[in-house]
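Report on the structure
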Amino acid sequence: MDVTIEAEWKSVLKDEFNKDYFVKLTEFVRDEYKTNTVYPPAGLIFNAFNLCPFSDVRTVIIGQDPYHGLGQAHGLCFSVRDGVDYPPSLKNIFKEIELDLGLNRPSSGNLERWAKQGVLLLNATLTVRAHLAGSHQKKGWEQFTDTVISVINREKSNIVFLLWGAYAQKKGESIDRDRHLVLESVHPSPLSASRGFFGNKHFSKCNNYLAEKGIRTIDWR
């Protein structure tokens, strides 16, 4: 099956695209876009990969579902398009960056600037029906993104994985802690951020690790 995705990712994931589950997933997703409003726009499903080629990956942030409101999702976890109000979790991410690094909250919640520096902003599920959280879960996306994590874990070294909340932590259980840095905390959601997300210093810890390994750090502004 021909999948429109960045060339390096297409190469490392080529075996996945012809598996039965992925063929069924593709059929499901195509039908959903024809019959319902689905986010992100179809051309941005693989935006996280297109903006962050495999060879560039230095840090991975794992989310769950795309945003399901109008104009929010554009293929990067936690990120919203320019001009869109920050969702609560993103607000708290920027608050922790300010606490940790002293950087003021940026004018835009569009995290493409992170992706272009080697931050893979990976949702576990890459599509969702409008206003229906979780509607595309257990259709095959999780198997695909598990493979993405597995390939990074196996083929690369010294990657920083940021796992926020129980869901992301479970998804990252198989990551080799001797080969990579895995940072875990509660989710930045308002329901949990005050119980360990604020003060986790993940952004400075990430950069300190990368610097120690001689890898270019991330500008978290």
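Let me begin by describing the structure that accompanies this report. (Residues numbered from 1 in each chain as written. Predicted model: local features only at pLDDT ≥ 70, side-chain atom pairs only at ≥ 80, totals over all residues. Heavy atoms only, no water.)

Brief notes about helix H6 (residues 141–155)
- Given a rise of 1.5 Å per residue, 15 residues ought to cover 21 Å, and the 21 Å separating the end C-alpha atoms of H6 matches this to within 8%.
- Those residues of H6 that sit buried are Trp-141, Glu-142, Phe-144, Thr-145, Thr-147, Val-148, Ile-149, Val-151, Ile-152 and Asn-153. (Helix = DSSP H or I, 4+ residues; strand = E, 2+ residues; numbered from the N terminus. Expected span 1.5 Å × (residues − 1). Buried < 20%, exposed > 50% of the residue type's maximum accessible area, 1.4 Å probe, protein only.)

As for the sheet that holds strand S2 (residues 59–63)
- The parallel open sheet is built from 4 strands, whose spatial order is S3-S2-S5-S6. Here the strands that pair on one side only, and so sit at the sheet edges, are strand S3 (119–123) and strand S6 (181–185). The sheet shows a mean angle of 20° between the axes of neighbouring strands, direction not considered.
- The pairing of S2 with strand S5 (residues 160–164) spans 3 bridges and is parallel. The partner of Val-60 across the bridge, within S5, is Phe-161.
- Against the sheet, H6 contacts S2, S3 and S5, and its axis sits at roughly 150° relative to S3. (Pairing = 2+ DSSP bridges. Axes fitted to C-alpha atoms, helices over the stretch in contact; angles between N-to-C directions. Contact = heavy atoms within 4.5 Å.)

Points about the environment of Gln-143
- For Gln-143, the location among the structural elements is in helix H6.
- By relative accessible area, which is 41% here, Gln-143 ends up partly exposed.
- Residues Gln-143 and Thr-125, spaced 18 residues apart in sequence, show a C-alpha to C-alpha distance of 9.3 Å.

Some thoughts on the pattern of salt bridges
- Here the structure, examined in full by the defined rule, presents 7 salt bridges.
- Between Asp-146 and Lys-171 there is a salt bridge, with its nearest N and O atoms 2.6 Å apart. In this pair, Asp-146 is assigned in helix H6 and Lys-171 in helix H7 (residues 166–171), connecting sequence segments 25 residues apart.
- For Lys-171, a relative accessible area of 10% gives the class buried.
- Across the pair Arg-221 and Asp-219 runs a salt bridge, and its minimum N-O distance is 2.9 Å.
- Residue Asp-219 is classed as partly exposed on the basis of its relative accessible area, which comes to 31%. (Salt bridge = Lys/Arg side-chain N within 4 Å of Asp/Glu carboxyl O.)

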